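As a plain string of letters, each chain reads:
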Amino acid sequence: MSKPGDQQPADMEVDPSAAAEEKPAIRFSINVLELMREAQMQHGLRQSDYTRYRRYCSARLRRLYKSLKFLHGRGKYTRRNITESTVTDVRYLHIVFYMAERAWSHAMEKKTAGTNAQQRIYMLGRFRKAVKWASLFSQLCSVKGDSRTSLEAEAYASYMKGALFFEQDKNIEVAMINFKNTRAVYEELGKYGSIENQLLCRQRIEEVEPMIDFCSHKLGGSSLQAHELLDTANDLLKAKMEAVLSETRSQQAASMTEFYWLGRRFPITNAKTRVSILKAQQLEKDLNGSATESIAADKKLGIFDKIFSAYHDARSCIRNDLASAGNAENIRDDLNGLDKAVSAVLGLRTIERNQLLVSIAKSKFTKHRDEKNERITKPEELVRLYDLLIQNTTDLTDLVSSGRNKNEEENSFIHEYELKGLAFRAERCFFLAKSYSSAGKRAEAYALFCHARTLTDSTLQQLANSPDKALIQDLKSLCDNCRSNSCIEHATGIMEEESVPLKLSKGVSTMSLGDDKTKENKYLLDMLERYESAIGEPNTKGPCRIAQFPPPFQAVPCNPIVLDMAYNAIEFPSLENRMKKEKKGLLSRFWG
């Protein structure tokens, strides 16, 4: 029987069931982005091998099922669903994650392989399956995972939903909203954590950015050009973007009926020719737009290559039309005129590209070698580039002037590029003189500098009324450079000529008929007792003097010659008594 002092108040009594309810739930932690990136990079996606990654996901799921003993029956397959009550181990979350990854990789495998109508339906089904598992993964992580895991799972599910809407080509606005949600989450997560985690978040943002730009471009709210979208596209985007851009060009080409060039209009009847010409013109707008200064030189060269490809496709279509035109003179004349105009535009863009190469080479020609040991342009390379420009200009003027009845625009165009050809000749002569100067040929360099100045003055006189102020300014600068370099070459040549007798007398005074003992102990192995360098001066290009190879010949004493003088004077004793005598039989005695 307890005492009254031992009794406890009712509010101090503990209910075991209530204590069990108040026990905190276990929260799992998964770095979803790191887990995904590591699995993808180590199992095929570094080489965009989606088949290999899908097989890895299947094998990984098999191992997880076996380790958790979460099997689906023997013989007959009976699916066991994963719910909130099922997740008692973090590996259950891994199962849901790899199910989503397997479905996504299967869809991407079908997409990159090229799909027809039936395969596209199957591919979209796999994308829907990936969205289903990613949504379940996000739901389970929100209950069973910590805050960071829940946020990363939500971003993962948003990316899968955006990819599905993007691929369906429906609800582009919803796809862009999902991609933006993914970007916002990774932007916040990238502000914290380790350096590796911040780098992974940055890479994920860079993957999502092109998709957002493309969605915005399709909705009409992007400032990016078409070539910029294609440069930043990944596997999910490239085929889609090419299809959309081709469709847009086809719609625009339907209203394009003529090609205008130097005051002449040429009808375009072939749809493929229209699309190719329109593609080239759009690339030219991107190249000559307001933001052209911000485009790097290598990207400009890439755009030029795409322009050349488009115009070559157009010329190929025109040649095919000419082959099938038959004897219809009007059609053949129009096609020949269109082919000539497209060839002239192609030649003009070739000149512009070579001028870009010249500007790049000149920027490397004038600066000195820096810490990165960057290669400096030699004058011979600029001479070769100006040879190409001169040839391009000649071909273009010959092509335009081949017609019989030329209009004013064609005549002014021919005159303009003939003057540009003279300017290119002057530039070529200048860099050819630079080449002779670097070789130490002062007389030839001086004569070429003077000739380049003469060509420049002649071209400037013809360009007096030209509106091309940039070309006039370049020629004036070239004229000044020719004058200064010719003076330098003249002075250098005189100095070298004056120093020849001094060098000759100095050389003669150091000559000796005897052995040159200064050449002894020249190599490092011969003067180990001295503290002298065997490498040479830092500005010289001579080899290191470590040891002489092959080694010099050395005098070796010969073996003595021994003559035996007493041999012929010695009398040797007879040895017949020691020789074995031959025994003969009875018959041999009679017959000898």
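What counts, and at which threshold
Residues numbered from 1 in each chain as written. Predicted model: local features only at pLDDT ≥ 70, side-chain atom pairs only at ≥ 80, totals over all residues. Heavy atoms only, no water. Patch = residues over 30% accessible without salt bridge, like charges linked within 9 Å, V, L, I, M, F, W, Y side chains within 5 Å. Areas by Shrake-Rupley, 256 points an atom, 1.4 Å probe, with all protein chains shown as cover. Salt bridge = Lys/Arg side-chain N within 4 Å of Asp/Glu carboxyl O. Helix = DSSP H or I, 4+ residues; strand = E, 2+ residues; numbered from the N terminus. Buried < 20%, exposed > 50% of the residue type's maximum accessible area, 1.4 Å probe, protein only. Pairing = 2+ DSSP bridges. Core = buried A, V, L, I, M, F, W, Y, C linked by side-chain atoms within 4.5 Å. Contact = heavy atoms within 4.5 Å. pLDDT = per-residue confidence, 0-100. Expected span 1.5 Å × (residues − 1). Polar contact = N/O pair within 3.5 Å; in protein donor to acceptor, adjacent residues only side chain to side chain. Phe/Tyr/Trp six-rings, centres within 6.5 Å; stacked < 30°, edge-to-face > 60°. Lys NZ or Arg CZ within 6 Å of the ring centre and 35° of its normal.

So, a nonpolar patch on the surface
Judged by side-chain polarity, Ile561, Leu563 and Met565 come together as a nonpolar surface patch covering roughly 440 Å² of accessible area. Relative to the elements of secondary structure, Leu563 occurs in the loop between helix H17 (469–509) and helix H18 (586–591). On the basis of relative accessibility, which here comes to 62%, the residue Leu563 falls in the exposed class.

Here we look at the environment of Glu187
Counting through the fold element by element, Glu187 comes out in helix H7 (residues 172–189). Distance in space between the C-alpha atoms of Glu187 and Arg204 is 9.4 Å, their sequence separation being 17 residues.

Side note on the environment of Lys364
Structurally, Lys364 can be placed in helix H13 (residues 329–366). Here the alpha-carbon distance between Lys364 and Arg375, two residues 11 residues apart in the chain, equals 7.7 Å.

Some points on the pairing of strand E1 (residues 258–261)
Judged by which residues are buried, E1 turns out to be one-sided: Phe259 and Trp261 face inward and are buried, whereas Glu258 and Tyr260, on the alternate face, are not. Judged from the 4 bridges that link them, E1 and strand E2 (residues 264–267) form a sheet pairing that is antiparallel. Each residue of the ladder has a partner; that of Phe259, found in E2, is Phe266. Between E1 and E2, which pair antiparallel one after the other, the connecting turn spans 2 residues, and Leu262 there sits at a positive phi close to 55°.

Examining the pattern of salt bridges
Tallied over the entire structure, the rule returns 20 salt bridges. Glu352 serves as the salt-bridge partner of Arg349, at 3.1 Å between the closest nitrogen and oxygen. Remark: Glu352 and Arg349 occur in helix H13; sequence separation between them is 3 residues, near one turn of the helix. Each of Arg37, Arg204 and Glu207 takes part in salt bridges that share partners, so that together they form one network.

As for the nonpolar core
Inside soluble globular proteins, nonpolar side chains tend to come together where they are buried. Formed by 64 residues in total, the largest nonpolar core has its most connected members in Phe259, Trp261, Leu396 and Phe413. For this core, the secondary-structure elements that each account for two or more residues are E1, helix H11 (271–287), helix H12 (297–325), H13, helix H14 (379–400), helix H15 (408–438), helix H16 (442–462) and H17. Setting aside its immediate chain neighbours within four residues, Phe413 contacts Trp261, Leu262, Leu348, Leu396 and Val400. Ranked by size, the runner-up nonpolar core spans 54 residues in total, among them Tyr92, Ala134, Ala153 and Ile205.

Observations concerning the confidence of the model for the chain
The pLDDT averaged across the chain works out to 80; a share of 81% of its residues lies at or above 70. Every residue in residues 1–23 is under pLDDT 50, and counting partners more than four places away or in other chains gives 0 contacts. Every residue in residues 232–237 scores below 50 in pLDDT, and together they form 20 contacts with partners more than four places removed in sequence or on other chains.

Here we look at H11
In this model, H11 (17 residues) spans 24 Å end to end at C-alpha, consistent with the 24 Å of a helix rising 1.5 Å per residue. Taken residue by residue, H11 has Thr273, Arg274, Ser276, Ile277, Leu278, Ala280, Leu283, Glu284, Asp286 and Leu287 as its buried positions. With a side-chain oxygen lying 3.0 Å from the backbone nitrogen of Lys272, the N-terminal cap of H11 falls on Asn270.

Observations concerning the packing of aromatic side chains
Taken as a whole and assessed by the stated rule, the structure comprises 21 aromatic pairs. Three or more aromatic residues link up through ring pairs in this structure, and these residues are Tyr53, Tyr56, Phe97, Tyr98, Phe137 and Tyr156. Arg204 extends its terminal NZ or CZ atom over the ring of Tyr159, reaching a point 4.2 Å from the ring centre.

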